[in-house]
Every structure is written in structure tokens, then in C-alpha cells.
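An overview of the molecular structure
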Amino acid sequence: MKKPVRIFPAPGYLATLVERPGGLPRSQAIIEGQRRLEAQRPPALAVIGGLIETLENLAAAPARLPDIRRAADQLITLATLYGLDGLAEAGRRLCDLVLALEAQQAMHGDAIAVHVRALRLLCADASNAPRILDELSRVRSHLQAAGPSSGAPGHRTQ
Amino acid sequence: MRDRMNLKGVRTLLVNADTFDANLVTQMLHGLGLDKLDVATSGGEAQKRIAADDYALCLCDADLPDMPAPMLVQWIRRQVTPARFLPILVLTGYSGFGNVTAFRDAGAHLVMKKPASPQTLYDRIAWVARPPRAFVECESYAGPDRRFKSVGPPGGVPRRATDLSSEIGAATEPNLSQDEIDNLMRPMRIVT
């Protein structure tokens, strides 16, 4: 026999806790959170450098697309959090490329290597970001012109 | 938008296999005033901690090393203890955001995309801490009611003059309980 559907009020333990008197005002809490986040900037930049190195190693043997995607994902998170917009955008493009390759069960080692090289360049000097991102767009256009099995990213994940 | 929240003493479990990422989230949560935070580095460790302790909030990374994160969410929802009501906020990376429906259907309260800034973390926790949504339990699903939005008429559809104003103000009385709603719906024969 099928189990009946039960719909009932859930206990609001968390709601009760946060309503207690005291606690920080929103603005002050956010400032304090931001201050603590900023204190982690030097180690975060070191981790970004390590992630790019990992990606360079993975790009040399690009059979492990999920590993590349995972490392690129971490890099996007850190770069976005610390305002490294060019690096984050190049990471997103690498992610889009890998997702497309995974979906099509295709491989394009050269395109991955170009994106990883772009990450390295952007990490060293962000002032060239518009030109480097433009070059990555050209790689994308080239892949799209080559056809669907070339790993051309169709669209962003959102 | 909630202007103030007391997160002191709110026992929270952060499930994240990446130690640096977990440290960043921990720092931000401490900054927001949350002082009771445990970190689990795998789904299995999270299960042990949830079985042993009473948590008020769970922040779970979408990428766990030992099990799919939706499976952990489903496991929590199928507990017989009050742990099954645990508010769960899932943090997902750029490439995993397409899986949002998998987490919703597993019973997560909210899925948010990383990076979580202090502002988004505060606001999402505040959102999850609103008076709780109804809980649904059936064969195929256990978790907060997934139908909770009140979006009004679709775009481009004009309102009728007899429709209520969109500004209906705050509630002045407590919500009806499920029993009261059931009684309103129950047809009864009147014996005269």
C-alpha cells in the first residue's frame, strides 16, 4: 500500500534561535565577515597559484576532465571572492569548455591548454585581461565553426 | 530583509571536503556572529555528527568526496529524529549550479552558488531562518514544501478591479494550523 502524504508544520528551531535578543546588526556583521575574509587574501592568492599549477599538470594529460572542471571551479570561487574578475572570467570559460567536452564526450587538449595558459598570464598581470579574454573568444568561435563534436561551448551553465 | 540576527549559539555543521574553502566560509560565519561551528570533511563524517549532535543549521558543499551531496540531504530527511527538519543550505560551484533541481528534490531548503560573500551568506541564512515552511513526507520526497512562492498573476495579465491590492500588509494573527485548514475544507452533513 502506498504511504500517505503527510504535510505538517515543521518545528522552527532556527527561527526561534535567531530571534533571541542580541546579535549583530546586519551591516556590522557583514563588515566583520568582510574583514575576516580580507585577512585570508594572501593564502587565497597562494591557493590560486597552486590551482593554476594543478591545471597546467592536468592540461598536459587532459584525460581527466572532471578534475580540470573541479580545479577550475575552485579557482572561479576564489578569484570572484577576491575581485580578480579577469581570472574568474577565464576560469568560467574553461569550465564552459570542459562541460561542453564532457557532454559531447569529446576532447580538445589544445583548447584546454590555451585556456590554462590564459589563466597563468592573467594571474601574473591582469591589465591584459580584455585582450586575453578576446583571444579566448576567438578560440571559442573557432571551435563553434569546427562543429558540435569539437567541444564548442553552447551556452553558460546559467 | 532582516536587520539583526542572533547567531550566537546556533549550532551549525559545515560539510566541505576542501579545507581552504571550509576555512574561508568558517571565517565569514564567525564574522557574522556564528560561534558554534563544526566542520565535516565528508558525507560519512557529516552523518555521524548529525546522528550524535543536535544542529540548528547545515551548510553543505555540493561536491563531496564519498557520496553525492543530494544523497546526504535525502539521508538527513529520512531520519526519524528531529534532525530531519534541519535547515540545509547547499553551496555549489559554477559548473554544478545546473544541478539545483537535484538538491531541491532531495529536500534542501536553499541552493546558493559560490562564492558566498558575507552579505549573501547573511541574507541566505536569514531567509532559511524565516518561520519554517510546511514539511512534506511521502514515498518519493521528504523535506520542506517545494511550493512556497506567491508570485501573483503572470506578467502582462492585468489585475481586475475586484482583486486584492498587492500591498496586503503584514499578518496580524498567527497562521492557521493544518488541522484548522482541514476543518475548513471538510464537508459536513447538517442534521436538522
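Residues numbered from 1 in each chain as written. Chains lettered and ligands numbered in written order. Predicted model: local features only at pLDDT ≥ 70, side-chain atom pairs only at ≥ 80, totals over all residues.

Thoughts on the interface of chain B and chain A
With 52 residues of chain B at the interface, the matching set in chain A holds 44 residues. Elements with a minimum of two residues in the side of chain B that touches chain A: strand E1 (4-5), helix H1 (19-31), helix H5 (118-128) and strand E7 (134-137) of chain B. Counting residues per element, the side of chain B that touches chain A draws most heavily on H1(B), at 7 residues. (Contact = placed C-beta atoms within 7 Å. Helix = DSSP H or I, 4+ residues; strand = E, 2+ residues; numbered from the N terminus.)

A word on the pairing of strand E6 (residues 110-113) of chain B
All names here are of chain B. Relative to E6, strand E5 (residues 88-92) runs parallel, the two sharing 4 bridges. Along E6, the bridge assignment pairs threonine 92 with lysine 113. Crossover handedness for the path E5 to helix H4 (residues 100-106) to E6: right-handed. (Pairing = 2+ DSSP bridges. Right-handed = clockwise from strand over helix to strand, strands pointing away.)

Considering the sheet that holds strand E1 (residues 6-9) of chain A
Taken together, 3 strands build an open sheet; the order of strands is E1(A)-E7(B)-E8(B) and the sheet is antiparallel. The outermost strands of the open sheet, each flanked by one partner alone, are E1 of chain A together with strand E8 (142-144) of chain B. Going from strand to strand, the sheet's axes swing by 20 degrees on average, the running direction of each strand aside. Here 4 bridges tie E1(A) to E7(B), and the two strands are oriented antiparallel to one another. Its bridge partner lying in E7(B), A:Pro9 is registered against B:Ala134. (Axes fitted to C-alpha atoms, helices over the stretch in contact; angles between N-to-C directions.)

Focus on unusual backbone geometry
It is generally the case that most residues other than glycine have a negative phi and that most peptide bonds are trans. For the bond from B:Lys114 to B:Pro115, the omega torsion is 5 degrees, close enough to zero to count as cis. Looking at where B:Pro115 falls in the secondary structure, it is placed in the loop between E6 and H5.

Topic: the nonpolar core
B:Cys58, B:Cys60, B:Val73, B:Ile88 and B:Val90 are the most contacted members of the largest nonpolar core, which has 50 residues in total. Sequence-distant contacts of B:Cys58, that is, excluding residues within four places in its chain, are made with B:Leu13, B:Val15, B:Leu86, B:Pro87 and B:Ile88. In terms of nonpolar packing, the next biggest core, distinct from the first, is built from 35 residues, A:Leu51, A:Leu75, A:Leu84 and A:Ala90 among them. (Core = buried A, V, L, I, M, F, W, Y, C linked by C-beta atoms within 7 Å. Buried ≥ 20, exposed ≤ 12 C-beta atoms within 10 Å, placed from the backbone.)

A word on the packing of helix H3 (residues 41-60) of chain A against helix H6 (residues 109-124) of chain A
Residues and elements named next belong to chain A. The geometry of H3 relative to H6 is characterised by a closest axis approach of 10 Å and an angle of 160 degrees between their N-to-C directions. Taken as axis vectors, H3 and H6 run roughly antiparallel relative to one another. The hand of the H3/H6 crossing is left-handed. Note on element contacts: H6 touches H3 through Ile112, Ala113, Val116, Leu119, Arg120 and Cys123, opposite Ile48, Gly49, Ile52, Leu55, Glu56 and Ala59. Its residues assigned to classes, the contact of H3 with H6 shows 9 nonpolar, 1 polar and 2 charged. (Parallel < 35°, antiparallel > 145°, perpendicular 65-115°, else oblique. Left-handed = near helix turned anticlockwise from the far one by under 90°. Nonpolar A, V, L, I, M, F, W, Y, C, P; charged D, E, K, R; others polar.)

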